[in-house]
Amino acid sequence: MKHAYTWGAIFLMVTASVTGDVLLSKAMKQIGDVGDLWKNHGIFRVVGSVLRHPLFALGIAAMAIAFFALLFGLSWGDVSLIAPASASLTFVGNMIAAKLFLHERVDRRRCIAVALVACGVVLLAF
Amino acid sequence: MTFRKYLVLFGIALFGSVGDSLLSRGMRDIGTVSLTHLQSLIVALANVWVLGGIVLLIGFFATYMTALSWADLTYVLPATSIGYVIIALIAKFVLNEQVTTARWIGILLITSGVGFIAGGPVLTPLPDHQLRESHPEHEAELASVRGPS
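Residues numbered from 1 in each chain as written. Chains lettered and ligands numbered in written order. Predicted model: local features only at pLDDT ≥ 70, side-chain atom pairs only at ≥ 80, totals over all residues.

1. Describing the interface of chain A and chain B
So, point 1. Across the contact, 37 residues belong to chain A and 35 residues belong to chain B.
So, point 2. Of all elements in the fold, only helix H1 (2-31), helix H4 (54-76), helix H5 (79-101) and helix H6 (108-123) of chain A reach the threshold of two or more residues within the side of chain A that touches chain B.
So, point 3. Classifying every residue of the side of chain A that touches chain B gives 26 nonpolar, five polar and six charged. (Contact = placed C-beta atoms within 7 Å. Helix = DSSP H or I, 4+ residues; strand = E, 2+ residues; numbered from the N terminus. Nonpolar A, V, L, I, M, F, W, Y, C, P; charged D, E, K, R; others polar.)

Rendered as structure tokens:
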């Protein structure tokens, strides 16, 4: 049963985390380079436009779910299983979601980098 | 990519990895959280380690949002995975945990993945029509590149 809870928490965390990352990335791309925004309009404009963006709120909600799923999972299972499993699955999930929903150009270089990192993260558990 | 942008990416890796380590240390004090006693997650928020972890994760968040405003998600995530290497090095040299051969290989793979992505493009260029909509000030520049249409 403990095993099922652990993997349930991992699955919930990966799904929520990928959703959150995609939403936040979309929001920040629409807002534009915050360095330029800060230089031209000041920090309050930056904070204001980020906090007022509707996708930002949704992204934060998804991230909060992922955060509590992580806390929940960490209390049940081994950190050496949960951390690498959720991290490597999140990398792969994000690559697919970024290609599908953000239309990022995921070339061979990025695929190889994601694969190397995902494998490396799994190996860290041993 | 300016030096300041690399600093932002390094901030993501550092705040994220150290923040996660603090959370993990804090949850060791809290013990098992069962589905029927979810209120212990609220108790966890009063733990010093968990609180410290949350403060660092706020720093992580600020730098992460900054990076996402000028770089692709598929660039930022692999580039900042050097944080896992930071965790492993903390485990080895601060917590005196044993780092196995498999872990060193993992560290090597992550580092090479980061090196791989770092040399590539940071941002997927916008299609022309979207660029015109979101950055009308670049219209003249675009026209000069494209030539008269």
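Alright, that's what it looks like, and here's the rest.
2. Some thoughts on the nonpolar core
So, point 1. Counting residues in each nonpolar core, the largest one holds 70 residues, and the members touching the most others are Met13 and Val117 of chain A together with Ile12, Ala67, Leu68, Val76 and Ile110 of chain B.
So, point 2. At eleven residues, H1 of chain A tops the list of elements feeding residues into this core.
So, point 3. Excluding its chain neighbours within four sequence positions, the residues that come into contact with methionine 13 of chain A are Ala66, Ala69, Leu70, Gly73 and Ser86 of chain A. (Core = buried A, V, L, I, M, F, W, Y, C linked by C-beta atoms within 7 Å. Buried ≥ 20, exposed ≤ 12 C-beta atoms within 10 Å, placed from the backbone.)

3. A closer look at unusual backbone geometry
Residue and element names in this part refer to chain A.
So, point 1. The phi dihedral of histidine 103 is positive, around 55°, even though this residue is not glycine.
So, point 2. Here histidine 103 is to be found in the loop between H5 and H6.
So, point 3. A tally of 12 C-beta atoms within 10 Å means that histidine 103 is categorised as exposed.

4. Re the packing of helix H1 (residues 3-30) of chain B against helix H3 (residues 48-70) of chain B
Residue and element names in this part refer to chain B.
So, point 1. Close contact between H1 and H3 brings their axes to 7 Å; oriented N to C, the two are set at 155°. By the angle between their axes, H1 is roughly antiparallel relative to H3. Judged by the sense of rotation from one axis to the other, the crossing of H1 with H3 is left-handed.
So, point 2. Grouping the amino acids of the contact of H1 with H3 by side-chain chemistry returns 14 nonpolar, nine polar and two charged. (Axes fitted to C-alpha atoms, helices over the stretch in contact; angles between N-to-C directions. Parallel < 35°, antiparallel > 145°, perpendicular 65-115°, else oblique. Left-handed = near helix turned anticlockwise from the far one by under 90°.)

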